[in-house]
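Topology and contacts: notes
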Amino acid sequence: LIALGGTTQTVNTMSQHVSEFEGIGPRVGLHGVYKVDEFTIFGDAAVALLVGDVKTSSRLDSQAFTAGVASDATVVSRTRIDDQHAVIPALHLKGGASYHINYKKADFILEAGWRWDGYFHSMRFANTQAANYENFVMSGPFAAIKVLV
C-alpha cells in the first residue's frame, strides 16, 4: 500500500519460482534390525552424492491499483538461469516397525514408521542472475506393503 499525494495506490504481485534437478550418483548406507518372531524394529541411514543439472526460472507479475481502479499496465519480470551442473549431497533416514507374514510361496511384509529425506543446496531461486540456494526436505510417516515371491 503506497500513499501518493492523498491518493492510495495498491500493488498486487504474484510470483512463481521453479527449480528442477535431475541427477544420478552413488548411495551408501546402513540397515539395522531387531527381530522378535514376526515383528521387526528397523532403522536405515544412507548418504548419497548426486551429480546432475539444475534448471531455474522465476516470474514476477505486478499490477497497480489507484483509488480502486486497476492500471492498464501489468509489469512482468522473468528470470531464467541456464542449466547449471551441480553436485548435491543427500541424507536419508528411516525408522519404524514391520510385521512379516508367510503365506504359501510368498512373503508379505507390512511396514510403518517415519522417514526423512534431505537434498542439500538442491533448489535454486533466481531474482537476478545470482541464485539463492535452498534445501529440499521431505519428512513424515510412511506405510508400505512388500511382497516377496
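Refer to the preceding data block for the structure.
Residues numbered from 1 in each chain as written. Predicted model: local features only at pLDDT ≥ 70, side-chain atom pairs only at ≥ 80, totals over all residues. Heavy atoms only, no water.

Moving on to the overall build of the protein chain. Helix and strand counts for the protein chain stand at 0 helices and 7 strands. Seen in sequence order, the protein chain has helices and strands lined up from the N terminus as β-β-β-β-β-β-β. Counting over 149 residues, the protein chain shows a buried share of 21%. Long-range contacts, defined here as pairs at least 24 residues apart, represent 63% of the contacts in the protein chain between residues at least 6 apart. Total accessible area on the protein chain stands at roughly 10,400 Å², and carbon and sulfur atoms take up 59% of it. (Helix = DSSP H or I, 4+ residues; strand = E, 2+ residues; numbered from the N terminus. Buried < 20%, exposed > 50% of the residue type's maximum accessible area, 1.4 Å probe, protein only. Contact = heavy atoms within 4.5 Å. Areas by Shrake-Rupley, 256 points an atom, 1.4 Å probe, with all protein chains shown as cover.)

Counting 6 residues, the largest nonpolar core consists of Ala48, Leu50, Val54, Ala86, Ile88 and Ala90. With residues near it in sequence (within four places) discarded, Ile88 still touches Phe21, Ala48, Leu49, Leu50, Tyr119, Phe120, His121 and Ser122. (Core = buried A, V, L, I, M, F, W, Y, C linked by side-chain atoms within 4.5 Å.)

Right, let's get into the environment of Ser58. Of note, Ser58 is situated in strand β4 (residues 39-66). With a relative accessible area of 8%, Ser58 lands in the buried category. Put simply, Ser58 and Ile81 are 23 residues apart on the chain and 8.9 Å apart in space, counted from C-alpha to C-alpha.

This part is about the packing of aromatic side chains. Applying the stated criterion across every chain, the model contains 3 aromatic pairs. Considering the side-chain rings of Phe39 and Tyr99, the 4.9 Å spacing of their centres and the 50° angle between planes classify their relative orientation as tilted. In this pair, Phe39 is assigned in strand β4 and Tyr99 in strand β5 (residues 69-103), connecting sequence segments 60 residues apart. (Phe/Tyr/Trp six-rings, centres within 6.5 Å; stacked < 30°, edge-to-face > 60°.)

Volume-wise, the largest pocket comes out at about 230 Å³. Taken together, 14 residues form the lining of the largest pocket, with His31, Thr40, Ser98, Ile109 and Glu111 sitting closest to its centre. Of the residues assigned to the lining of the largest pocket, the class counts are 3 nonpolar, 4 polar and 7 charged. (1 Å grid on protein atoms, 1.4 Å probe; cavity = no way out; pocket = protein on both sides within 12 Å on 5 of 7 lines; lining within 4 Å. Points joined across faces, edges and corners; volume = space filled by probe spheres on them. Nonpolar A, V, L, I, M, F, W, Y, C, P; charged D, E, K, R; others polar.)

On the surface, a cluster of negative charge is contributed by Glu20, Glu22, Asp53 and Asp83. For Glu22, a relative accessible area of 55% puts it in the exposed group. (Patch = residues over 30% accessible without salt bridge, like charges linked within 9 Å, V, L, I, M, F, W, Y side chains within 5 Å. Salt bridge = Lys/Arg side-chain N within 4 Å of Asp/Glu carboxyl O. Lys, Arg positive; Asp, Glu negative; His and termini not counted. Charge placed at Lys NZ, Arg CZ, Asp CG, Glu CD.)

Turning our eyes to something else, we now look at the pattern of salt bridges. On inspection of all chains with the given rule, the structure shows 3 salt bridges. Residues Glu111 and Lys146 are paired through a salt bridge, measuring 3.2 Å at the closest nitrogen-oxygen approach. Of this pair, Glu111 sits in strand β6 (residues 106-126) while Lys146 sits in strand β7 (residues 131-148), placing them 35 residues apart in sequence. A relative accessible area of 38% means that Lys146 is categorised as partly exposed. When salt bridges with common partners are traced through the structure, they connect Lys94, Glu111 and Lys146 into a single cluster.

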